[in-house]
Amino acid sequence: MSITLSTSTLSTSQLSASDRAECWHEVVARTFMPLDVKLLENEPSPGTIVSNQLGVLRVSRVQAGPQVVTRSKRLIARDGQRFLTLSLQRRGTAMQEQDGRESLVKPREFTISDSSRLFRKKLESDFCFTSFHFPREELRVREEDLRALTATVFTSDTGSAALVATYFARMAREAAGFDAAVGRQFAATGLDLLALLIDERSGRFTSQAPELAAATLVRVKDHIMRNLSRPDLSPSTISEAHFMSVRYLHKLFGLEGTTVGRWIQMQRLERCRRDLLRPAAVGIGVAAVARRWGFVSPSHFSRVFRAAYGMTPREWQVHGLPGERRTTEEL
């Protein structure tokens, strides 16, 4: 028996049909966990799994022919580790069973399964899905909330589930190009979003979401600060950079009682305020300082500066505030 192995690709395509069943069982176990796999074809089709590791997430694109995959009591007892798997269906349909629920999963829908309890997944035709496999302890949700949603179908059409599906699908497409540090950050953000979705479905959004969203908001703010000088910085560019919807971005800042635009403006004003007190600013002028921090219109900058600090930028540059420390640091 042999397995074709190239980087993170496991495939049975080079094997004869008679050897594929046993080999595919090993391929599946190596990628996920010990599972019973029953192929439904007399001559099994080739199967391929392409995987990438992003932090705690193992992202795998699985393509194969009809089969039934089961996690039995025997395998659970033998395996002491506990994992969760989010599966995003791409082609074909799957019948998934766990915790007394049975759901038909169609393309662009996803489900969650738990390796610590019995489950069964039946795929009656050629299929393709993307899975996201990670340790249970990495998802910060209550046990009863998770158990209530296994084998539940999440559609990717509207609402928070659409955000999660879009984010995970985009992350999977880009996974091969991420370095280790970036991959860890994207994985952490994805699990934050998934936890928010589970809390929302469980009716815990108002009490739990601010804590669960904090890490995501920190990453978004860091991105904003690193791009503060860009005039085109906007909710749409920020949300695109983090694979989230503009609506969800606004929701994150709403948890702090502000808006994305207002927060960006205040950060820009604060840096302009500091720079205007530096001697170097006298030589380059107020407009140049404003442009340095992303303000395109000098008149608009003057208005918002006066509204924030009670004087024009020029007045601030000359007088400052009582006790304001003037620095000799260059711009």
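See the structure shown above.
By convention here, each chain's residues receive numbers from 1 onward along its written sequence. Local features in this predicted model are restricted to residues of pLDDT 70 or higher, and side-chain atom pairs are both shown and tallied only at a pLDDT of 80 or more, whereas totals for entire chains, interfaces and linings draw on every residue. Derived side-chain values reflect all non-hydrogen atoms in the structure, with water molecules and hydrogen atoms excluded from consideration.

S.K.: Talk me through the overall build of the chain; I want residue IDs and the actual numbers.
M.R.: Each helix corresponds to a stretch of at least 4 residues labelled H or I by DSSP, and each strand to a stretch of at least 2 residues labelled E; elements are numbered beginning at the N terminus. Looking only at helices and strands, the chain features 13 helices and 13 strands. Within these notes, the globule rule equals 2.2 Å times the number of residues to the 0.38 power, and the radius of gyration is based on C-alpha atoms. For 331 residues, the compact-globule formula gives about 20 Å, and the C-alpha radius of gyration of the chain, at 26 Å, lies well above that figure. Reported as C-alpha extents along the three principal axes, the dimensions of the chain are approximately 85 × 40 × 35 Å. Residue burial in the chain is summarised as follows: out of 331 residues, 49% are buried. Reported accessibility uses the Shrake-Rupley method at a 1.4 Å probe radius. Residues are deemed covered only where the shown protein chains occlude them. With an accessible surface of roughly 15,900 Å², the chain has 50% of that area assigned to carbon and sulfur atoms. Counting rule applied: Lys, Arg positive; Asp, Glu negative; His and chain ends not counted. The atoms used to mark charge sites are NZ of Lys, CZ of Arg, CG of Asp and CD of Glu. Here the chain holds 47 positive side-chain charges and 36 negative ones, and the gap between their average locations is 5 Å. Throughout, exposure labels follow a simple rule: accessible area from a 1.4 Å probe, protein chains only, divided by the maximum for the residue type, with under 20% read as buried, over 50% as exposed, and the rest as partly exposed.

S.K.: So what about the pattern of salt bridges? Which residues, and what values?
M.R.: Each salt bridge in this description consists of a side-chain nitrogen of Lys or Arg and a carboxyl oxygen of Asp or Glu lying within 4 Å of one another. Taken as a whole and assessed by the stated rule, the structure comprises 20 salt bridges. Residue Glu270 pairs with Arg273 through a salt bridge whose shortest N-O separation is 2.6 Å. With Glu270 and Arg273 both in helix α9 (residues 260–276), this residue pair falls 3 residues apart, about one helical turn. Because the salt bridges share partners, they merge into one network encompassing Arg82, Asp99, Arg101, Asp114, Arg117, Arg136 and Glu143.

S.K.: Give a detailed account of the environment of Trp316, specifying residues and quantitative values.
M.R.: Note that Trp316 resides in helix α13 (residues 313–319). When its relative accessible area of 0% is taken as the criterion, Trp316 is described as buried. Residues Trp316 and Leu276 lie 40 residues apart in sequence; the distance between their C-alpha atoms is 7.4 Å.

S.K.: Can you explain empty space enclosed by the protein? Please cite residues and give values.
M.R.: A pocket here means an open set of points on a 1 Å grid, computed over the protein atoms alone, that has protein on both sides within 12 Å along at least five of seven lines. A cavity is instead a set of points where a 1.4 Å probe fits but cannot get out; residues with an atom within 4 Å of a point line either one. Grid points are joined across faces, edges and corners, and a volume is the space filled by probe spheres set on the points. With the rule as written, the count across this model stands at 3 cavities of 30 Å³ or more. Of the voids in this model, the largest cavity is the one considered here, and its volume is about 220 Å³. Mapped by element, the contributors of at least two residues to the lining of the largest cavity are α1 (17–31), β6 (67–71), β7 (83–91), β11 (119–123) and β12 (127–135). Polarity classes work like this: nonpolar for Ala, Val, Leu, Ile, Met, Phe, Trp, Tyr, Cys and Pro, charged for Asp, Glu, Lys and Arg, and polar for all others, with Gly in that last group. Taken together, the residues that form the lining of the largest cavity break down as 12 nonpolar, 6 polar and 1 charged.

S.K.: Just give me the short version of the packing of aromatic side chains, but keep the residues and values in it.
M.R.: Two aromatic rings from Phe, Tyr or Trp, using only the six-membered ring of Trp, form a pair when their centres are within 6.5 Å; if the ring planes differ by under 30 degrees the pair is stacked, by over 60 it is edge-to-face, and anything between is tilted. Counted under the stated rule, the structure contains 11 aromatic pairs. Each ring, one from Phe110 and one from Phe154, has its centre 5.0 Å from the other, and the planes form 10°; the classification is stacked. Within this pair, whereas Phe110 is found in strand β10 (residues 109–114), its partner Phe154 is found in strand β13 (residues 154–155), the two being separated by 44 residues in sequence. Here the two residues Phe110 and Phe154 agree in accessibility, since each one is buried. Charge-over-ring contacts are defined here by two conditions on Lys NZ or Arg CZ: a distance within 6 Å of the ring centre and an angle within 35 degrees of the ring normal. A cation over an aromatic ring shows up here: Lys121 above the ring of Phe129, its NZ or CZ 3.8 Å from the ring centre.

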